[in-house]
Amino acid sequence: MDQIAYVNGSFVPLAEAKVSILDRGFLFADGIYEVSAVLDGKLVDNASHLARLERSVGEIALAMPESLARIVEIQRELIARNQLVHGLVYMEVTRGADKGRDFAFPKGVKPTFVMFTSVKDIVNAPSARTGIGVITVRDIRWARRDIKSVALLAQVLAKQAAAEAGAGEAWMIEDGKVTEGGSSSAFILTQDDVLVTRQNSSAILPGCTRKAVVALAEERQLRVEERPFTIDEALAAKEAFITSASSFVQAVVSIDGKSIANGKPGPMAARLREIYIDFARATAV
């Protein structure tokens, strides 16, 4: 079956999906994106992702391309047309295409809105059993990381470095502390059984999966501290893990080739993964 995409009001074969070379997303990375997971044909924690989309476009004075209700309708139709059971829905909003290339916002230009799906069995990913290694890289991103911008070159370079090192993710370091992963939020479990993850600010993206995992942990009376941590703290921790829409909860077993604890996924990460998957299935719509 040919994959179907959504482009500016139309559902078209992915191979035929096109936008102008003058689109400001292409020319200036002047756009916002979101990714929602799909389990059993349903959207996971989608309201949280749409709220973040709405906030991000507002932070760059970009109009929403459709109402939230209409966006959900498009997501569901795209899932149905692609017969997607497990995977991801990607959406992107840019400031659109003008008649030329000018840095200032164009007037009277309609935003570009595109969406497509990809197949991914997040629940049964082999790395969930083995854990992943991460490498560390310097955080060279801009100062407004809380905006989910399509300007991802720094993350591309970080994740390419991870791929070349045979690692599953890169943790970015600023002022000696971990900010976040290339496409994930970072957690450790201390020897005192405290879950530590950096607090939300302009220094990191407010992760939707991170938010849900923190809430689920606190509901179960687990201690959570929102603060920065160092790589030395992470290497001395009982466990480490990442969270994201595309991995849920994923154990980290080594950093820069050095093992965390026994170098295997720990029970806390495994349990939080189970709890999150149960939450995802129970609340997916």
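The structure reproduced in this document is the subject of the present report.

Rules used in this analysis
Residues numbered from 1 in each chain as written. Predicted model: local features only at pLDDT ≥ 70, side-chain atom pairs only at ≥ 80, totals over all residues. Heavy atoms only, no water. Core = buried A, V, L, I, M, F, W, Y, C linked by side-chain atoms within 4.5 Å. Buried < 20%, exposed > 50% of the residue type's maximum accessible area, 1.4 Å probe, protein only. Helix = DSSP H or I, 4+ residues; strand = E, 2+ residues; numbered from the N terminus. Contact = heavy atoms within 4.5 Å. Phe/Tyr/Trp six-rings, centres within 6.5 Å; stacked < 30°, edge-to-face > 60°. Pairing = 2+ DSSP bridges. Polar contact = N/O pair within 3.5 Å; in protein donor to acceptor, adjacent residues only side chain to side chain. Salt bridge = Lys/Arg side-chain N within 4 Å of Asp/Glu carboxyl O. Axes fitted to C-alpha atoms, helices over the stretch in contact; angles between N-to-C directions.

A word on the nonpolar core
Here comes step 1: In terms of nonpolar packing, the biggest core is built from 31 residues, with Val44, Leu195, Phe241, Phe248, Leu272 and Tyr276 touching the most fellow members.
Here comes step 2: Taken together, the elements giving at least two residues each to this core come down to β3 (31-39), β5 (87-94), β10 (185-189), α6 (208-219), β14 (248-255) and α8 (267-283).
Here comes step 3: In contact with valine 44, not counting residues within four places along its chain, are Ala37, Leu39, His49, Tyr276, Ala280 and Ala284.
Here comes step 4: Formed by 23 residues, the second largest nonpolar core is a distinct cluster that contains Val38, Val57, Met91 and Met115.

A look at the packing of aromatic side chains
Here comes step 1: In this structure the tally under the stated criterion is nine aromatic pairs.
Here comes step 2: Between the aromatic rings of phenylalanine 28 and phenylalanine 103, the centroid separation amounts to 4.9 Å while the plane-to-plane angle is 50°, which identifies the pairing as tilted. Of this pair, phenylalanine 28 sits in helix α1 (residues 24-28) while phenylalanine 103 sits in the loop between β5 and β6 (112-119); the two residues are 75 residues apart in sequence, bridging distant segments of the chain.
Here comes step 3: Phenylalanine 103 sits in the exposed class, given a relative accessible area of 59%.

Points about the pairing of β14
Here comes step 1: Taking burial as the measure, the eight residues of β14 include eight buried ones, the bulk of the element.
Here comes step 2: Both strand β7 (residues 132-138) and β14 contribute to a ladder of three bridges, which runs parallel. Its bridge partner lying in β14, isoleucine 132 is registered against valine 252.
Here comes step 3: Here strand β13 (residues 239-244) folds back onto β14 in antiparallel fashion, the turn holding three residues.
Here comes step 4: Note that β14 and strand β15 (residues 258-259) share two bridges and pair antiparallel. Looking at β15, one finds that serine 254 is bridged to serine 259.

A closer look at the environment of glutamate 225
Here comes step 1: Take glutamate 225: it is sitting in strand β12 (residues 223-226).
Here comes step 2: Residue glutamate 225 is classed as partly exposed on the basis of its relative accessible area of 32%.
Here comes step 3: The spacing of glutamate 225 and valine 194 is 31 residues in sequence and 6.9 Å in space, taken between C-alpha atoms.
Here comes step 4: Setting aside chain neighbours within four positions, we find glutamate 225 in contact with Val194, Leu195, Val196 and Thr197.
Here comes step 5: Side chain to side chain, glutamate 225 and arginine 227 meet in a polar contact 2.8 Å long.

Some thoughts on the pattern of salt bridges
Here comes step 1: Within this structure, the stated rule accounts for 20 salt bridges.
Here comes step 2: The residue arginine 271 makes a salt bridge to glutamate 274 at a minimum N-O spacing of 3.1 Å. Linking arginine 271 with glutamate 274, this pair stays in helix α8, spanning three residues, or about one helical turn.
Here comes step 3: Judged by its relative accessible area of 43%, arginine 271 falls in the partly exposed class.
Here comes step 4: Linked through salt bridges whose partners overlap, the residues forming this network are Asp139, Arg141, Arg145, Glu174 and Glu180.

What about the sheet that holds β6?
Here comes step 1: Here we have six strands laid out as an open sheet, ordered β2-β1-β6-β5-β3-β4, and antiparallel in their pairing. Across the chains shown, the open sheet's two edge strands, defined by having one partner strand only, are β2 (10-13) and β4 (42-43).
Here comes step 2: In this sheet, β2 lies alongside strand β1 (residues 4-7) in antiparallel orientation, the contact comprising four bridges. In the sheet register, alanine 5 faces β2, and the bridge partner there is valine 12.
Here comes step 3: Helix α2 (residues 46-59) contacts β3, β4 and β5 of the sheet and is inclined by roughly 180° relative to β3.

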